[in-house]
Amino acid sequence: MSEPLLVLDNITKNYGAIHALRGISFSIARGEVVALLGDNGAGKSTLVKIIAGGLEPTSGRMLFEGKEFLAKSPAEAKAAGIETVYQDLSLCTNVDVVANFFMGREITRKVLGVPVLDERAMEAVVARALANAGTRIPSLRTKVEHLSGGQRQAIELNRFVHWGGKLVLLDEPFAALGVEQTRRGLDMIRQVASQGIGVVIITHIMQQAFQVADRIVVIRQGVVAGDVARNKTSPDAVINMITGETLAGAGPAG
Amino acid sequence: MSPRTRRILELVLDNLVWFMLVFVLAVFSAFIPNFFQLGIFANIVEASSVLGVMSIGLALVIIAGHMDLSVESVAALSAMAVGIMFCSSGIGLGLQLHPNWLMVPVSLAIALGVGAIIGVINGVLIVKVRMSAFIITLASYIWVRGLVLVVSGGRSAQDLAPAIRWFGIQRLAGLPLTAWIAIGCFVVFSLILAKTPFGRHLVMIGGNETATFRAGIRVNRNLVIAFVLAGAIAGLAGWLLAIRTSGATANLGVGLLFNAFAAVVIGGVSLKGGVGTLPGVYAGVLLLSAINTAINLMGLPANFTQVIHGLLVLAAVLLDAFKQTIRQKLA
């Protein structure tokens, strides 16, 4: 196998006396989908925030494309090619669909040397991206506060599919989606991975993990409690890892 | 509801304050003798220039989800700085520059600079210390006004240099240049807010700061710029105020802050952030100014003004809540 896309080496995170992460090590290859599982409070979201630049680890190091990597802000992670979809949606409901899609990456043209938003170009891009994904939203100029939960999540998902990058982190992306939309979302993930993009998806739903992931990583009490290929394990075995009855392939503890 | 009626309704809701302004002007014209004349309308625009400029800066930071209570004191300090340097009587030093017109850019730069410095202090403290903008700028509101008293010793400066006063006297199409400066500011900042990435980012920061941070927008930098702009714009308001009064007194502009808040809220800016446009704010400013003018014309005691302004703010807030319910029904 080629060199991994992202390597986590003994990442820890303390909040005062509380050890949220006690030494996480695993790696993600290009085009691989890794499902990150674990009970509530196991440290999954903390880990995602560290990779995405929202939090700094207490110790440990990361290699991204073989180079030492530590994002100090989401902007740095984004510049390196890491896209994140958070559990609590990252949309500004007071602006329209187009503005959200292009948040922080607006297309501009110069008027008298001043950058001016090119609304028409942006709207065309968004219309194409949503059409490709089969998402229907009545008007792209509708403010997001007037859209349903499912439509909002669809915007987030389409946004990451469109911008792609090299690594995508998804923190419970399907929480508000219906059955059909979830299926489409899972298809999107496979499609993104087939372009050589690494995907980390946090989920609570075992069935989803087995549907989409190549590899399953289980975190329990801040350490890796299991790291197995999907086709070499079963939902029951994974549940045992999550609840702590077995420690198959456990990472370093403490 | 057909899409057409829906669109018309949205348009009315978005520009409600303009309809209110037209309505109020029409009512005043019909019922108040001598109201309906060009000079009165010009007077409404003219009288609103200082308040208008100040409201722009205030609106910018409120739209970005924060607050700046210091704009009134900042305007007073800028006016006092200009007054002390370029006034010839009172505590004025009567500084002369040659050629005379040079006093205009120099005084303007001083006014803007004073405002920008206080804006930097406000912005950096709010972003770095992560304290509420309300508290930080309340402190500035107090200490900056204190500074005005300190530098003036409680006395006033009179007789501003004629080269600077020229802006308040010279008229273009019936309006003094100071009014045109205010109108120009509204046009420029409306365009910035609506059409540039910076403006778009401010609106989005006001809507959901976390989301914009995660999207890689440099939130802190944008917020500091917004506070610097608010300060500098307040400085410009102070410059206009000094021209208007041909000098500066220690209690110059007291009470303007609340009028600015009223104008911003009436103009449709939500104090929760993320909602509002600058043309709306200008309509709010004109509305307040029109009511003041009407009170003057009717010969009511000026003390009524404040009561009416207060009720108007209350009405604006209630109207905002009402608009929200209508919008929810529309969606």
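For clarity, every value in this text was computed on a predicted model and none was experimentally measured. (Residues numbered from 1 in each chain as written. Chains lettered and ligands numbered in written order. Predicted model: local features only at pLDDT ≥ 70, side-chain atom pairs only at ≥ 80, totals over all residues.)

(A) View of the overall build of chain B. Of regular secondary structure, chain B possesses 15 helices and five strands. Its C-alpha atoms give chain B a radius of gyration of 20 Å, near enough to 20 Å, the size a compact globule of 331 residues would have. For chain B, the spread of C-alpha atoms along the three principal axes comes to 65 × 55 × 35 Å. Relative to its 331 residues, chain B shows a buried fraction of 48%. Residue pairs in contact within chain B that sit at least 24 positions apart in sequence constitute 80% of those at least 6 positions apart. (Helix = DSSP H or I, 4+ residues; strand = E, 2+ residues; numbered from the N terminus. Rg over C-alpha atoms; globule rule 2.2 N^0.38 Å. Buried ≥ 20, exposed ≤ 12 C-beta atoms within 10 Å, placed from the backbone. Contact = placed C-beta atoms within 7 Å.)

(B) A look at the sheet that holds strand E9 (residues 167-171) of chain A. Residue and element names in this part refer to chain A. Strand order in the open sheet made by the six strands is E6-E9-E10-E3-E11-E12, with mixed pairing throughout. Strands with a single pairing partner mark the edges of an open sheet, and in this sheet they are strand E6 (82-85) and strand E12 (223-229). Taken pair by pair, the neighbouring strands of this sheet meet at an average axis angle of 15°, ignoring direction. Relative to E12, strand E11 (residues 215-220) is paired through six bridges, and the arrangement is antiparallel. Bridging from a neighbouring strand, Arg220 pairs with Val223 of E12. Of the strands in this sheet, strand E3 (33-37), E6, E9, strand E10 (198-202) and E11 touch helix H1 (residues 44-52), which is tilted by about 150° from E9. Packing of helix H6 (residues 179-194) onto the sheet brings it into contact with E3, E9 and E10, and relative to E10 it is tilted by some 150°. (Pairing = 2+ DSSP bridges. Axes fitted to C-alpha atoms, helices over the stretch in contact; angles between N-to-C directions.)

(C) Region of the structure containing the packing of helix H5 (residues 149-163) of chain A against H6 of chain A. Residues and elements named next belong to chain A. The geometry of H5 relative to H6 is characterised by a closest axis approach of 11 Å and an angle of 10° between their N-to-C directions. Considered as vectors, H5 and H6 are oriented roughly parallel to each other. Seen from H5, the contacting residues are Gly150, Ala154, Leu157 and Val161; seen from H6, they are Gln181, Gly185, Met188 and Val192. The residue makeup of the contact of H5 with H6, split by class, is five nonpolar, three polar and no charged. (Parallel < 35°, antiparallel > 145°, perpendicular 65-115°, else oblique. Nonpolar A, V, L, I, M, F, W, Y, C, P; charged D, E, K, R; others polar.)

(D) Broad picture of unusual backbone geometry. All names here are of chain B. Of note, the phi angle at Asn34 is positive, near 70°, even though the residue is not glycine. For Asn34, the location among the structural elements is in the loop between helix H2 (16-31) and helix H3 (38-47). Here Asn34 falls in the exposed class, since 9 other C-beta atoms lie within 10 Å of it. One non-glycine residue, Arg130, adopts positive backbone phi at about 55°. Here Arg130 is to be found in the loop between helix H6 (103-128) and helix H7 (133-152).

(E) Local environment of the nonpolar core. Core analysis: the biggest nonpolar cluster contains 171 residues, and Val199 and Ile201 of chain A together with Met54 of chain B have the highest contact counts within it. Sequence-distant contacts of Ile201 of chain A, defined by excluding residues within four places in its chain, comprise Val33, Ala35, Leu36, Leu170, Pro173, Ile189, Val212 and Ala213 of chain A. (Core = buried A, V, L, I, M, F, W, Y, C linked by C-beta atoms within 7 Å.)

(F) Fine view of the confidence of the model for chain A. Residue and element names in this part refer to chain A. When pLDDT is averaged across chain A, the result is 84; 95% of the residues are at 70 or more. Helix H3 (residues 97-101) holds the highest mean pLDDT among the elements of chain A, 92, whereas H5 holds the lowest, 82. Confidence over residues 250-254 falls short of pLDDT 50; this stretch has 13 contacts with residues more than four positions distant or in other chains. (pLDDT = per-residue confidence, 0-100.)

(G) Expanded view of the interface of chain A and chain B. With 22 residues of chain A at the interface, the matching set in chain B holds 20 residues. Within the residue set of the side of chain A that touches chain B, elements represented by two or more residues are helix H2 (74-80) and strand E8 (114-117) of chain A. If you tally residues by element for the side of chain A that touches chain B, the top one is E8 of chain A, at four residues. Residues that form the side of chain A that touches chain B fall into these classes: 12 nonpolar, eight polar and two charged.

(H) Structural context of the pairing of strand E7 (residues 108-111) of chain A. Two strands pair when backbone bridges link them, and E7 of chain A and E8 of chain A are joined in this way by four bridges, in the antiparallel orientation. For Thr108 of chain A, the partnering residue across the bridge sits in E8 of chain A and is Leu117 of chain A.

(I) Representation of the packing of H6 of chain B against helix H12 (residues 219-245) of chain B. All names here are of chain B. Contact geometry for H6 and H12: axes closest at 6 Å, N-to-C directions at 145°. H6 and H12 meet at a crossing whose hand is right-handed. Residue classes in the contact of H6 with H12 are distributed as 20 nonpolar, nine polar and no charged. (Left-handed = near helix turned anticlockwise from the far one by under 90°.)

(J) Here's a closer look at the environment of Asn132 of chain A. All names here are of chain A. Mapped onto the elements, Asn132 comes out in helix H4 (residues 119-133). Judged by C-beta crowding, with 11 C-beta atoms within 10 Å, Asn132 ranks as exposed. Measuring from C-alpha to C-alpha, the distance between Asn132 and Ala77 comes to 27 Å, with 55 residues separating the pair along the chain.

(K) Highlighting the sheet that holds strand E1 (residues 6-15) of chain A. All names here are of chain A. Strand order in the open sheet formed by four strands is E2-E1-E4-E5, with antiparallel pairing between adjacent strands. Looking along the sheet, the strands with just one partner apiece sit at the ends: strand E2 (18-28) and strand E5 (67-69). On average, each strand axis in the sheet is inclined to that of its neighbour by 30°, with strand direction left out of account. Two strands pair when backbone bridges link them, and strand E4 (residues 59-64) and E5 are joined in this way by three bridges, in the antiparallel orientation. Note that in E5 the partner of Met62 across the bridge is Phe69.

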